[in-house]
Amino acid sequence: MPALRLATWNINSIRIRLPLVDQFIAHAQPDILCLQETKVRDEQFPVSFFTERGYHHYALAGQKGYHGVATFSRLPLDNQTRIDWCGRGDARHVEVRLLDGVMLHNFYVPAGGDEPDPAVNDKFAHKLDFLDEMTSWSKELPRKGRHILVGDLNVAPLETDVWSHKQLLKVVSHTPVEVEKIKRLQDSHGWVDAMRHFVPEEQRLYTWWSYRARDWKVSNRGRRLDHVWVSPVLREGLAAMQVVEEARGWEKPSDHAPVLVDISL
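Bear in mind the structure is a predicted one, so any value in this text is a computation, not a measurement.

## Points about the environment of Ser13
Thinking step 1. Tracing the backbone shows Ser13 in the loop between β1 (4-10) and α1 (18-28).
Thinking step 2. Separated by 160 residues in sequence, Ser13 and Ser173 have C-alpha atoms that sit 21 Å apart.
Thinking step 3. Ignoring any residue separated from it by four or fewer positions in sequence, one finds Ser13 in contact with Glu37, Thr38 and Lys39.

## Points about the nonpolar core
Thinking step 1. Judged by nonpolar contacts, the single largest core of 35 residues is most densely connected at Leu104 and Ile148.
Thinking step 2. Sequence-distant contacts of Leu104, that is, excluding residues within four places in its chain, are made with Leu6, Ile32, Cys34, Thr71, Val94, Glu95, Val96, Ile148 and Val150.
Thinking step 3. Residues Leu20, Ile25, Val47 and Phe50 belong to the second largest nonpolar core, which totals 25 residues.

## Some thoughts on helix α3 (residues 122-139)
Thinking step 1. Taking 1.5 Å per residue, 18 residues should reach 26 Å; α3 reaches 26 Å between its end C-alpha atoms and fits that length.
Thinking step 2. Residues of α3 that are buried: Phe124, Ala125, His126, Lys127, Leu128, Phe130, Leu131, Met134, Thr135, Trp137 and Ser138.
Thinking step 3. The inward-facing, buried residues of α3 contact β7 (103-108), β8 (147-152) and α5 (176-189).
Thinking step 4. Backbone nitrogen of Lys123 and a side-chain oxygen of the N-cap are separated by 3.0 Å at the start of α3; the cap is Asn121.

Rules and cut-offs
- Residues numbered from 1 in each chain as written.
- Predicted model: local features only at pLDDT ≥ 70, side-chain atom pairs only at ≥ 80, totals over all residues.
- Heavy atoms only, no water.
- Helix = DSSP H or I, 4+ residues; strand = E, 2+ residues; numbered from the N terminus.
- Contact = heavy atoms within 4.5 Å.
- Core = buried A, V, L, I, M, F, W, Y, C linked by side-chain atoms within 4.5 Å.
- Buried < 20%, exposed > 50% of the residue type's maximum accessible area, 1.4 Å probe, protein only.
- Expected span 1.5 Å × (residues − 1).
- Polar contact = N/O pair within 3.5 Å; in protein donor to acceptor, adjacent residues only side chain to side chain.

Quick look at the structure:
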């Protein structure tokens, strides 16, 4: 069968950036689009914008002004599930099943604030707890199951996932404790890093560039915060991957670039 084109993108407020989504859909034509940080209640989500473009199947998990994930598909979806991670009521996850039985998990992991000390920073403590809960959940997935995990995981695990390993060791998203926890999460199911399946670990790879940079492209102080992981049994179906960096330079952009993965299921 032809490869399924899957996209994941932290859109940083869906209602503000609909023109960018329109541009991206026209450019990339994903079959399934997973969005994070949508920042809107479900009842106020611009669903008609997506259905008019052929995305008639969707799953939403939203809240006012914060967080939020959404999965839109041109292919039928089934079995929508939301998990309330850490019991906080935050909209940070939605799960759907494709009709061939593959489970698709769309995540927005907490950013963690600025101070990488859980004793003084509740946001960072919450992030570490969230990753621990994800690991416990992931351990229970059948090793031969067919799962795809995507989203803004807010951790750049490899030295080449950040512009300066040395300077970011004490910066939230690349601290040793976060890297260790995301490695445990990955190992818990044997998740295959679909992006690094195509790009060697020694090569730099980013999906996020701060708004603070005067010229993000010239400074290129990026981090790889967005990820696509697949179950081991799906590894052989991985066909292509692209970080659509040009989207970071579009008018009024998100600080994240979309990631595309083509996979035969």
